[in-house]
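# Reading the structure
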Amino acid sequence: MDTGVAMFPTHDAMDPAALARLVEERGHESLFFPEHSHIPASRQSPYPDGGELPRRYMHTYDLFVAMTAAAVVTTKLRVGSGVCLLIERDPIITAKEVASVDVLSGGRVEFGVGAGWNREEMANHGTDPRRRMALLQERVEAMKAIWTEDEASYQGEQVAFDRIWSWPKPAQRPHPPVIIGGNGPTVLDRVLAFGNAWMPEYAPEGLLGRAEELRARADRPVELMVMGVPADPRALEPFERVGFRRVLHWLPSAPRGPVEAALDRFEAAVAELHGE
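None of the values given here were measured: they were computed from a predicted structure. In every chain, residue numbers begin from 1 and rise along the written sequence. Selection of residues for local features in this predicted model requires a pLDDT of at least 70, selection of side-chain atom pairs for listing and counting requires 80 or more, and totals for whole chains, interfaces and linings are taken over all residues. Water and hydrogen atoms were dropped before computing side-chain values, which therefore reflect all heavy atoms in the structure.

Attention shifts here to the overall build of the protein. The helix and strand inventory of the protein stands at 10 helices and 10 strands. Projected onto its principal axes, the C-alpha positions of the protein cover 55 × 45 × 40 Å. Looking at the protein residue by residue over its 276 residues, the buried ones come to 52%. Residue contacts are defined here by distance: any two heavy atoms, one from each residue, within 4.5 Å place the two residues in contact. Within the protein, counting contacts between residues at least 6 apart in sequence, those at least 24 apart form 69% of the total. What sets the accessible areas is the Shrake-Rupley method with a 1.4 Å probe; for residues, cover comes only from the shown protein chains. Put simply, the protein shows about 12300 Å² of open surface, and 51% of that area lies on carbon and sulfur atoms. Within the protein, one finds 30 positive and 40 negative side-chain charges whose respective centroids are separated by 1 Å. Elements are defined by DSSP. Helices are runs of H or I of four residues or more, strands are runs of E of two residues or more, and each kind is numbered from the N terminus. Residue exposure (1.4 Å probe, protein chains only): buried if accessible area is under 20% of the type maximum, exposed if over 50%, otherwise partly exposed. Only four residue types enter the tally: Lys and Arg on the positive side, Asp and Glu on the negative side; His and the chain ends are excluded. A charge is said to be at NZ when it belongs to Lys, at CZ for Arg, at CG for Asp and at CD for Glu.

In structure tokens, the structure reads:
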């Protein structure tokens with residue numbers, strides 16, 4: 001089981017390049033960044049974790065700028081989106097961004113996608129929240145066509161284009177892994193329809209049963225990973241036992257000192273899990 005970390009890369013925290021170097025030096029396999037283009041000031045959509053929305057949501061860098069900064073200063077670290085809000089993005093532009101970072105990194109991109117929770121944010125991008133799940137699938141399928149076809153076309157209900165040329169193609173073949181984020185009731189359907197892996201947010205109950213269901217339903221290999229596992233060997237152990245590919249721990253959006261302290265705690269938990 002590989003270990004990785006995630007952080008909202010804010011302008012007043014440790015910068016993405018320095019963070020990536022630190023994470024790679026300390027032997028972790030991956031670094032993931034989330035995405036919010038903006039936060040509507042109305043705040044009508046409630047924060048899923050309850051309470052006030054943390055300021056890091058409003059202060060984070062652009063996802064692909066942060067990923068590029070991390071990728072170009074490392075050599076082995078997998079760099080991922082956790083998650084890209086593809087329902088708020090043009091799929092042609094996003095396909096080029098993902099492919100470009102994948103080529104520049106030598107094939108180290110992990111492409112996590114999700115449908116999001118902030119309905120006003122979606123609406124500001126012209127997305128109907130009621131149709132976001134179908135839109136997510138069409139945009140992923142369209143991007144796969146762009147990545148794998150020299151002259152790509154796609155015809156869906158919400159995404160359509162004829163015969164386009166777009167290079168570079170990704171370094172990974174046929175394309176970077178598409179990781180489906182989320183814990184909602186229909187998320188396994190999305191993984192099976194157009195994903196290579198499932199990456200739910202950590203929850204102490206229910207995930208292992210749903211992972212077993214996913215494996216039972218799948219007719220192909222589907223990887224399992226989990227976002228936001230606490231620095232606690234008791235929380236980590238079940239995921240290692242059932243064969244999760246990767247566990248990710250959230251780091252604070254903070255300067256180097258608090259980030260290193262959080263890494264110390266996470267690494268101590270992993271060491272204790274392994275009897276070290």
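Picking up where we left off.
Of the two faces of strand β2 (residues 30-33), the one carrying Ser30 and Phe32 and the one carrying Leu31 and Phe33 are both buried. At least two DSSP bridges between two strands are required for those strands to pair. Two elements, strand β1 (residues 2-6) and β2, share 3 bridges in a ladder whose sense is parallel. Residue pairing for β2: Val5 is matched across the bridge by Leu31. A right-handed crossover is one whose linking path, passing over the helix from the first strand to the second, runs clockwise when the strands point away from the viewer. Note that the unit made of β1, helix α1 (residues 16-25) and β2 has a crossover that is right-handed.

Moving on, we get to the packing of helix α7 (residues 187-194) against helix α8 (residues 207-217). A pair of packed helices is characterised by two quantities: the angle between their axes and the separation of those axes. At their nearest, the axes of α7 and α8 sit 11 Å apart, and the two run at 35 degrees to each other. Crossing geometry of α7 relative to α8 is assigned as right-handed. Judged by residue contacts, Val187, Leu188, Asp189, Val191 and Leu192 of α7 engage Arg210, Glu213, Leu214 and Arg217 from α8. All amino acids are sorted into three groups, where Ala, Val, Leu, Ile, Met, Phe, Trp, Tyr, Cys and Pro are nonpolar, Asp, Glu, Lys and Arg are charged, and the leftover types, Gly among them, are polar. Of the residues in the contact of α7 with α8, the class split is 5 nonpolar, no polar and 4 charged. Lines fitted to C-alpha atoms define the axes here, with helix axes fitted over just the stretch in contact, and angles between the N-to-C directions of these axes take values from 0 to 180 degrees. Crossing handedness is defined as follows: a turn of the near helix away from the far one that is anticlockwise and smaller than a right angle gives a left-handed crossing, while the clockwise case is right-handed.

This part takes up the pairing of strand β3 (residues 78-84). Counting buried positions over the 7 residues of β3 gives 7, a clear majority of the element. Pairing of β3 with strand β4 (residues 109-113), which is carried by 4 bridges, proceeds in the parallel orientation. When the bridges of β4 are listed, Val79 appears paired with Val109. Handedness of the crossover joining β3 and β4 through helix α4 (residues 91-104) is recorded here as right-handed.

The rule is short: rings of Phe, Tyr and Trp, with Trp giving its six-membered ring, pair when the centres are within 6.5 Å, and they are stacked under 30 degrees, edge-to-face over 60, tilted in between. For the structure on display, the rule yields 9 aromatic pairs. Consider the rings of Tyr154 and Phe161, whose centres lie 6.5 Å apart with planes at 40 degrees: the pair is tilted. Classification of Tyr154 by relative accessible area gives buried; the value is 13%. The buried category is assigned to Phe161, whose relative accessible area is 9%. Aromatic side chains Tyr202 and Phe239 sit 6.1 Å apart centroid to centroid with 65 degrees between the ring planes, which places their arrangement in the edge-to-face category. With Tyr202 in the loop between β8 (197-199) and α8 and Phe239 in helix α9 (residues 233-241), this pair connects stretches of sequence that are 37 residues apart. Each member of the aromatic cluster is reached from another via a ring pair, and the members are Phe8, Tyr47, Tyr57, Trp117 and Trp250. Think of it as a cone above the ring: NZ of Lys or CZ of Arg counts as a charge over the ring if it is within 6 Å of the ring centre and within 35 degrees of the ring normal. The ring of Phe8 carries Arg56 above its face, with NZ or CZ at 5.3 Å from the centroid. Looking at Lys169, its charged tip hangs above the ring of Trp167, at a distance of 4.9 Å from the centre.

Moving on: unusual backbone geometry. Backbone torsion omega between Trp167 and Pro168 reads 5 degrees, so that peptide bond is classified as cis. When you line up the elements, Pro168 lands in the loop between β6 (160-164) and β7 (178-181). Here the amide bond leading from Arg173 into Pro174 is cis, since omega sits at 0 degrees, within 30 degrees of zero. Secondary-structure assignment places Pro174 in the loop between β6 and β7. Backbone geometry at Arg163 places phi at a positive 45 degrees, although glycine is not the residue there. Inspection of the secondary structure puts Arg163 in strand β6. Relative accessible area serves as the criterion here: at 60%, Arg163 is assigned to the exposed category.

Salt bridge, as used here, is a side-chain nitrogen of Lys or Arg placed within 4 Å of a carboxyl oxygen of Asp or Glu. Counted under the stated rule, the structure contains 20 salt bridges. A salt bridge links Asp12 to Arg55; the shortest N-O distance between them is 2.7 Å. Taken together, the positions of Asp12 in the loop between β1 and α1 and Arg55 in the loop between β2 and α2 (56-59) put the pair 43 residues apart, joining distant regions of the chain. Under the relative-accessibility criterion, Asp12 is labelled partly exposed at 37%. Take Arg55: its relative accessible area is 44%, and that puts it in the partly exposed class. In this structure, Glu97 and Arg89 form a salt bridge, with 2.8 Å as the shortest nitrogen-oxygen distance. By relative accessible area, which is 14% here, Arg89 ends up buried. Taken together, the salt bridges that share partners define one network made up of Asp2, Glu29, Arg78, Glu110, Glu223, Arg245 and Arg246.

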